[in-house]
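Report on the structure
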Amino acid sequence: MYDMFLKDSDDEDEDEWFYDSIKRYKQLRMFDFENVIHQIELTDWKTICVAGKHKSGKYEILELSLPEKLTVAASHEGLVKNCDLKMRSGGFTSAPVAQVRALWNQRKILVSERDEAGVSVYNLGVNDTDLVTKAASLTCELIAPRIALNNQDLVLLAARNCKDIIAIDLNANKNVYKVSEPEVLKGFEPCFMSESLAAICERNNGTIVLHDIRAAKMCGSFLPGKRNKEDKTTGALWTTRSSYERNSAYGNVGNSDSKLGLVSTFGNILICDLRNLSEPICDVDIGKIINPHPQGQEFDLQLPLLNFSPDNSGEVSLSGFDENVYIYNTSSSDKFKTIFVHDGHKRQSNSATSCHVTSHAWYRENIMISASENSSLHCWQFIPNSSS
């Protein structure tokens, strides 16, 4: 399934990069997979779940134990020898995967599948087996919906070609909130800002609509920053993530800090504080562009991915524009800077293979996990401000 990548090259540039990596990374582990990994989810502090397209054409879910070298405390790192990923369970989904979200520490995942209504619940190994199996379905009329989670009891769903927003009680499998937004061309991206406050991003222009799920009411809408319909972001597609979802996903629900991050396919990053969402604390243009093809089957996989650091909400990671993963300081527009660039995926490829980064996820203490179109998966711990 995977092998530790060993570099054997006479190319001076490649050798120089690997020598330089000693100064830039505390840890760097490279793995080869048979399949391209499109999504990575941390399921607990020792395990990840990855989804990708198998060579048979089916979509595969794998549950992998992380190398002990990554997961133990730094003071105990010398006491463990395991540097490899180990498969705990695996299996195929019923349909192509649109999105995966993990239920923290439960060995369960929620899977949105293309051309399928609702969301499937899969068990990562059951009854002492190593099989990933479908256990249940969250039923609704939305096709291949986008998924947001609060403290693991509410699931918020929004779809590309439907104006309905639906919240489902995960334990009761019951719709608890439904509202119809004015229909937009590219659909919506949902996320939670707090246990009951949801932010719905209109993908075609980045407008944010707030909903109080518990009170079953809309709280308002706004267009972050000083953008308007005539500015250069016209035609861009927007996605969103929140620091609350980061905390909730990692079981850190006691953290009250909540920021909203938006990123466009035209390279615009906006970071907003929950206390004043209309005025971004960081509003920058990174000078990168993605040209997605909305009619394509992999529409959602062509959008950029922004994630908040689990240790510092002033830091975000970004991928999807090229072969790199970028770490930025976004504490303010004035202080915005690149903290680190992971450019290792292109070092693990022949020239004919695309190295475009497909997904990434934070672990903690500056440890990241990322995947690329060249079927590589990297576990790396960066040293801030060490990139040239």
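Residues numbered from 1 in each chain as written. Predicted model: local features only at pLDDT ≥ 70, side-chain atom pairs only at ≥ 80, totals over all residues. Heavy atoms only, no water.

Section: the confidence of the model for the protein
The test is simple: Residue-level confidence of the predictor, termed pLDDT, takes values from 0 up to 100. It only takes one pair of heavy atoms within 4.5 Å for two residues to be counted as in contact.
Overall, the prediction assigns the protein a mean pLDDT of 85, with 85% of residues at 70 or greater. Throughout residues 1-10 the model reports pLDDT below 50, and contacts reaching past four residues in sequence, or to other chains, amount to 31 contacts.

Structural notes on the sheet that holds strand E6 (residues 86-92)
To keep it simple, the criterion reads: Pairs of strands are assigned from DSSP output, requiring at least two bridges between the strands. The secondary structure listing takes helices from DSSP runs of H or I that are at least 4 residues long and strands from runs of E that are at least 2 residues long, numbered from the N terminus. Angles shown run from 0 to 180 degrees and are taken between the N-to-C directions of axes, each axis being a line fitted to C-alpha atoms and, for helices, limited to the stretch in contact.
With antiparallel pairing, the four strands of this open sheet are ordered in space as E3-E4-E5-E6. A strand with exactly one partner marks an edge of an open sheet, and here the two such strands are strand E3 (36-44) and E6. Averaged over all neighbouring strand pairs, the angle between strand axes comes to 20 degrees, with direction disregarded. Two elements, strand E5 (residues 59-65) and E6, share six bridges in a ladder whose sense is antiparallel. Within the sheet, the bridge partner assigned to Leu 62 lies in E6 and is Gly 90.

Points about the side chain of Asn 268
The cut-off we apply is this: Under the rule applied, a polar contact is a pair of N or O atoms within 3.5 Å (in protein, one hydrogen donor and one hydrogen acceptor; residues adjacent in sequence only if both atoms are side-chain atoms).
In this structure, Asn 268 sits in strand E21 (residues 268-273). In this structure the side chain of Asn 268 is engaged in a polar contact, spanning 2.8 Å, whose partner is the side chain of Ser 264.

Considering the packing of aromatic side chains
Where we set the bar: Ring pairs are drawn from Phe, Tyr and Trp, using the six-membered ring of Trp, whenever the two centres fall within 6.5 Å, and their geometry is named by plane angle: stacked under 30 degrees, edge-to-face over 60, tilted for the rest. Each residue gets one of three labels from its accessible area relative to the maximum for its type: buried under 20%, exposed over 50%, partly exposed in between, using a 1.4 Å probe on protein chains only. In this analysis the charged atom, NZ for Lys or CZ for Arg, is taken to sit over a ring once it is within 6 Å of the ring centre and within 35 degrees of the ring normal.
Inspection of every chain in the model, using the stated rule, returns twelve aromatic pairs. Between Trp 45 and Trp 104, the ring centres sit 5.1 Å apart and the planes meet at 75 degrees, which makes this aromatic pair edge-to-face. Linking Trp 45 in the loop between E3 and strand E4 (47-53) with Trp 104 in the loop between strand E7 (97-103) and strand E8 (108-113), this pair joins segments that are 59 residues apart in sequence. Trp 45 sits in the partly exposed class, given a relative accessible area of 26%. By the ring-pair criterion, three or more aromatic residues cluster together here, those being Trp 17, Phe 18, Tyr 25, Phe 340, Trp 362, Trp 380 and Phe 382. The aromatic ring of Phe 92 is capped on one face by Lys 58, whose charged end is 5.5 Å from the ring centroid.

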